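Each chain, written out:
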Amino acid sequence: MGGMIHAMRRTLSSCIRPRRYAPALILALGARPANAQDFDLGRVLASLGDLDRQEFVAIALVLAILGFSVVSAILLMRTRTRAAENELRLRSEIQALQAENDRSNALLLSEPQVVVSWRAGDDRPRIAGDTALLAVGPAHRLLAFGTWLAPEPSVRLERAVEALRNDAESFALNLTTVSGRGVEAVGRVVGGQAIVRFRELSGLRRDLAEMTLRYNALLEETEILRGFATAIPAPVWARRANGTLAFANPAYAVATEATSSADAISRNLDLLDSPDRNEMARVLSEQAAFAKRLPVVIRGERKMFDVQAIALRSGSAGIAIDASEAASLRASLSRMADAHRRTLDQLSSAVAVFDARQRLTFYNDAYRRLWNLDIGFLDTSPSDSAILDQLRASRKIPEQQDFRQWKARLHEAYRATEARTDEWHLPDGRTLRVISTPNPEGGVTYLFDDATESLDLSRQFDALIRVQRATLDNLAEAVAVFASNGCARLFNPAFARMWRLSPDALAQQPHIKTVQEWCWPLFDDARAWQELRAAITGIDNRNSVVMQIERKDGSVLNCMTMPLPDGATLLTFQDVTDTVNVERALRERNEALEAADKMKVNFVHHVSYELRSPLTTIIGFAHFLSDPSTGPLTLKQSEYLSYITSSTNALLAIINNILDLATIDAGAMSLNLAPVDVRKAIEQATAGVQDRLVTDNIRLEVKTAGANTPLIADERRVVQVLYNLLANAVGFSPRGGTVTLTATQHGGRTFFAVTDHGPGIPPENQSKVFDWFEANANGSRHRGAGLGLSLVRSFVEMHGGSVFIDSAVGRGTTVTCEFPTEPPVRSAAE
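Residues numbered from 1 in each chain as written. Predicted model: local features only at pLDDT ≥ 70, side-chain atom pairs only at ≥ 80, totals over all residues. Heavy atoms only, no water.

Enquirer: So what's going on with the overall build of the protein? Residues and values would help.
Expert: Each helix and strand in the protein was counted, giving 25 helices and 27 strands. For the protein, the proportion of its 830 residues judged to be buried stands at 36%. Within the protein, contacts between residues separated by at least 24 positions form 49% of all contacts whose residues are at least 6 apart in sequence. Taken as a whole, the protein presents about 49,600 Å² of accessible surface, with 55% of it coming from carbon and sulfur. (Helix = DSSP H or I, 4+ residues; strand = E, 2+ residues; numbered from the N terminus. Buried < 20%, exposed > 50% of the residue type's maximum accessible area, 1.4 Å probe, protein only. Contact = heavy atoms within 4.5 Å. Areas by Shrake-Rupley, 256 points an atom, 1.4 Å probe, with all protein chains shown as cover.)

Enquirer: An account of the packing of helix 22 (residues 678–687) against helix 24 (residues 715–732) is requested, with residue identities and associated values reported.
Expert: Between helix 22 and helix 24, whose axes approach to 8 Å, the crossing angle comes to 50 degrees. When the interaxial angle is binned, helix 22 and helix 24 end up oblique. Between helix 22 and helix 24 lies a crossing of right-handed hand. Counted together, Lys680, Ala681, Ile682, Gln684, Ala685 and Thr686 of helix 22 and Glu715, Val718, Val719, Leu722, Tyr723 and Leu726 of helix 24 form the full contact between these two elements. Broken down by class, the residue content of the contact of helix 22 with helix 24 amounts to eight nonpolar, two polar and two charged. (Axes fitted to C-alpha atoms, helices over the stretch in contact; angles between N-to-C directions. Parallel < 35°, antiparallel > 145°, perpendicular 65-115°, else oblique. Left-handed = near helix turned anticlockwise from the far one by under 90°. Nonpolar A, V, L, I, M, F, W, Y, C, P; charged D, E, K, R; others polar.)

Enquirer: Talk me through the sheet that holds strand 11 (residues 350–354); I want residue IDs and the actual numbers.
Expert: One open sheet accounts for five strands, arranged 12-11-15-14-13; its pairing is antiparallel. Where the open sheet ends on each side, the last strands, each with one partner, are strand 12 (360–363) and strand 13 (420–425). Taking the axes of each pair of neighbouring strands and ignoring which way they run, one obtains an average angle of 20 degrees across the sheet. Across six bridges, strand 13 lies against strand 14 (residues 431–438) in antiparallel orientation. Among the inter-strand pairings, threonine 421 is bridged to a residue of strand 14, identified as isoleucine 435. Along the sheet, helix 14 (residues 403–410) contacts strand 13 and strand 15 (444–450); its crossing angle with strand 13, the most-contacted strand, is approximately 145 degrees. (Pairing = 2+ DSSP bridges.)

Enquirer: So, the pairing of strand 3 (residues 171–176): which residues are in play, and what are the values?
Expert: Only one face of strand 3 is buried: it carries Phe171, Leu173 and Leu175, and the other face, with Ala172, Asn174 and Thr176, is open. As paired elements, strand 3 and strand 4 (residues 182–190) share six bridges and run antiparallel to each other. Across the sheet, residue leucine 175 finds its bridge partner in strand 4, namely valine 183. Where strand 3 folds back onto strand 4 in an antiparallel hairpin, the turn is made up of five residues, including glycine 180, whose phi is positive at roughly 90 degrees.

Enquirer: So what's going on with empty space enclosed by the protein? Residues and values would help.
Expert: Counted under the stated rule, the structure contains three cavities of 30 Å³ or more. Considering only enclosed or pocket space, the largest cavity measures out at about 80 Å³ in volume. Considering the residues around the largest cavity, the lining is formed by Phe354, Tyr367, Trp371, Asp384, Ile387, Leu388, Leu391, Leu410, Trp424, Tyr446 and Phe448. Among the secondary structure elements, those contributing two or more residues to the lining of the largest cavity are helix 11 (365–371), helix 13 (384–393) and strand 15. If you tally residues by element for the lining of the largest cavity, the top one is helix 13, at four residues. The class makeup of the residues in the lining of the largest cavity is 10 nonpolar, no polar and one charged. Of the voids in this model, the second largest cavity is the one considered here, and its volume is about 50 Å³. (1 Å grid on protein atoms, 1.4 Å probe; cavity = no way out; pocket = protein on both sides within 12 Å on 5 of 7 lines; lining within 4 Å. Points joined across faces, edges and corners; volume = space filled by probe spheres on them.)

Enquirer: A description of unusual backbone geometry should follow, citing residues and the corresponding values.
Expert: Of note in this structure, alanine 168 is not a glycine but carries a positive phi near 60 degrees. Classification of alanine 168 by relative accessible area gives partly exposed; the value is 48%. Of note, the phi angle at glutamine 358 is positive, near 65 degrees, even though the residue is not glycine. As for its placement among the helices and strands, glutamine 358 is situated in the loop between strand 11 and strand 12. The exposure class of glutamine 358 is partly exposed, given its relative accessible area of 24%.

Enquirer: Tell me about the nonpolar core, and name the residues and values.
Expert: Of all hydrophobic cores here, the largest spans 36 residues; its most connected members are Leu711, Leu722, Leu725, Phe752 and Cys817. For this core, the secondary structure elements donating two or more residues are helix 22, strand 23 (711–713), helix 24, strand 24 (738–746), strand 25 (749–756), helix 25 (788–798) and strand 27 (812–820). Residue contributions to this core peak at nine residues, all from helix 24. Excluding anything up to four places from it in sequence, leucine 711 contacts Ala674, Pro675, Val676, Val678, Val718, Thr750, Phe752, Phe819, Pro820 and Thr821. (Core = buried A, V, L, I, M, F, W, Y, C linked by side-chain atoms within 4.5 Å.)

Enquirer: Mind laying out the packing of aromatic side chains, listing which residues take part and the relevant values?
Expert: Evaluated as defined, the whole model comprises 14 aromatic pairs. Considering the side-chain rings of tryptophan 371 and phenylalanine 448, the 5.7 Å spacing of their centres and the 90 degrees angle between planes classify their relative orientation as edge-to-face. Residue tryptophan 371 is found in helix 11, and its partner phenylalanine 448 is found in strand 15; the two are separated by 77 residues along the sequence. Comparing tryptophan 371 with phenylalanine 448, the two get one shared label, buried. Between phenylalanine 752 and phenylalanine 819, the aromatic rings sit 5.8 Å apart at their centres with planes inclined by 80 degrees, giving edge-to-face as the arrangement. Placement of phenylalanine 752 in strand 25 and of phenylalanine 819 in strand 27 is noted, with a sequence separation of 67 residues between them. Each member of the pair phenylalanine 752 and phenylalanine 819 is classed as buried. Site record: aromatic cluster; members linked through ring pairs are Phe354, Tyr367, Trp371, Phe403, Trp406, Trp424, Tyr446 and Phe448. The cationic tip of arginine 551 hangs over the ring face of tryptophan 499; the distance from NZ or CZ to the ring centre is 4.9 Å. (Phe/Tyr/Trp six-rings, centres within 6.5 Å; stacked < 30°, edge-to-face > 60°. Lys NZ or Arg CZ within 6 Å of the ring centre and 35° of its normal.)

Enquirer: Account for the environment of glutamate 701, with residues named and values stated.
Expert: Take glutamate 701: it is sitting in strand 22 (residues 699–706). Considered as a pair, glutamate 701 and threonine 738 are 37 residues apart in the sequence and their alpha carbons are 7.3 Å apart. Leaving out residues up to four positions away in the same chain, glutamate 701 has contacts with Thr738, Val739, Thr740 and Leu741. Within polar-contact distance, the side chain of glutamate 701 engages the side chain of arginine 699 at 2.6 Å. (Polar contact = N/O pair within 3.5 Å; in protein donor to acceptor, adjacent residues only side chain to side chain.)

Enquirer: Lay out the pattern of salt bridges with the relevant residues and their values.
Expert: Per the counting criterion, the structure on display carries 26 salt bridges. A salt bridge links aspartate 306 to arginine 293, with the shortest nitrogen-to-oxygen separation between them at 2.7 Å. Separated by 13 residues along the polypeptide, aspartate 306 in strand 9 (residues 301–312) and arginine 293 in strand 8 (residues 289–298) bring together distant segments of the chain. As a salt-bridge pair, aspartate 422 and arginine 420 come within 3.5 Å of each other at their nearest N and O atoms. On the accessibility criterion, aspartate 422 (13% relative accessible area) is buried. Take arginine 420: its relative accessible area is 21%, and that puts it in the partly exposed class. When salt bridges with common partners are traced through the structure, they connect Arg409, Glu412, Arg420 and Asp422 into a single cluster. (Salt bridge = Lys/Arg side-chain N within 4 Å of Asp/Glu carboxyl O.)

Enquirer: Please provide a residue-by-residue account of helix 22, values included.
Expert: Of the residues making up helix 22, those classed as buried are Val678, Ala681, Ile682, Ala685 and Thr686. Down the axis of helix 22, the buried side of the element spans an arc of 130 degrees, and every buried residue falls inside it. In helix 22, the exposed positions angled more than 90 degrees off the buried face are occupied by Glu683 and Ala687. Capping the start of helix 22, aspartate 677 holds a side-chain oxygen 3.1 Å from the backbone nitrogen of arginine 679, two or three residues further along. (Arc of directions from axis to C-beta.)

Spatial relationships are all this shows, so hold off on functional conclusions.
As structure tokens, then:
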């Protein structure tokens, strides 16, 4: 500004007479005269009046420029002032934000935690905190959850983070690291950012998390038990320590005549009478459980219940199971047994009942009189064998060439399922018909009938009729007897049930045609019914008819007619639906298994060939890369290349094994038979497992003292057999164990036995170890495709030998291969 004024002064001085207009110019340019007293405003104005036009314009221009400069200077000063104020305010705000940021960082780092944030639309995470606190390692590994979390928590966290970033779904998870430490992960969306906070579960927070898990598990278990107790049809209850009812299921409410479980609990209803309740409370106070059959009155009806109760820490719980029917049946059975015993005791036929231990439990007086045995001896519950020995000694039973064999045959009735009838010709001339009937609860009932008297014959006939009727009624087969006129004369309940007929209607002896009409809704094959009618009513043709029919309800019946001596016809139906269905299912399953097995062999064969070609290429290129002529490799590349080589070699061995098995299965493998040095074959096989022996610190003992004769076999296959046996034994042996290989020759055969001291093979798995892909580690370090023993058996059997396994759980396994010294001439697998 000063420079501008100075320039204008020089311009005016050149075009205006300075002396004349000096006061005016001085005033215009803001300069003061040398002596303020000399300044006269009137003189200045008068001097201005003397200006010509050019001079006046110049002065006006100078004044305008001067005014603009003054205004500009004022505005510039104001702008600079405002800028300085804004800078001060901005610096103050920056300092405040820095302080706020420091406070936030202090709060963030006040406890061991890590915070990860993603801005909207930005995939780059921002990580705050020390990841070493979580034992994660470098910060970039934090988001690789699988490197520091267990597999299942890692998957859960990845899904939760994805849902948080995509759908703004918050989460809170308790996770477990690979080292077993607990970590809490909480995800939220705050200010347009997805934020996940990690902190270690320790101290009170860990205890709270564990308590929460236990509480949730307890709630779930309580809901399950409550639902189970509610669904039980028997009364179930729980009482507090003061005796009040805490829980009752609907069956309890019904038994106590309450409207609902809540009504029973609110009214504190009791199921048992006061004496029974007092007894149960006393027993529970002394012991941990109470069990007794007690009477309970429900809706005016007295029933028996088996009451079970247990004492709990805060009360008791119990259940009452209705035993009325069981008690009634037991009482009825006891009365029936007593009635049968009284009836048997009144019979003239001799009866003796022996229990499952073959001890005499019942005999009637006719039995004692028949054999004239001492009551004191019979009351000692002698054995069946002792009674027969005494009867033989007194010559009261038939003489036998081999008494021991005869007695053993008689005692077969204890293991039989049906009654058997024998005839005994006694030395005194009498003939006894002996019926031995197995008892349902075990043991045998002997019935002795004297067949020498007509009265006994009549009684025997009546008993036989009753037995036949009872047998017919209890047969599972449907049986009906039609007279020669075609009318039903006899039928059993199974016949009525099978054809859904009324027993009363059948009792009216309907004709076979009427029976056919009744059975028509279930079976409407007119030709089959015509054949049955002809067999029943025919006079000339009395041949048996056997057929199988399938009814509309899907059941399959075996039908048979049998002509009887009196001209009647026996018609039987046997339900064979289950048998037919099982037979069909087995046939279909067999066909499916055969097809699946063929498909499996074809698939394995073709896939193995398809895999072998690219695998061979990979192995070749891997060897090519390892050759120094192809150029140097880094240490990491060499390491990766060694992994590739070992993995491809292992895979090639598996594929070769599969191909060998497929070739053997197809019958296309040939044997190159030649003399084989046993020791040399063993050396070649053991060389292949030396590295594994050293790695697992396993000692190998080889015993070949008894194998000096060359073996005629395929040397390559023999070495392969021994290698697979040794590899299997080393895999199952514990570290520091011993594996023994023994070779012996005797009887024109060579035996190789490999023994390990591993976990052994359970008996149920020994028959499966030779199957394809059957691998079972049994808790050992052994891993494999399950083909080794399959190849062993196949190669040994191709040589005409056999493989045996001797194993016991916990004591190890011995696999023995038997080779003929000179196998039969056979060049291909059969």
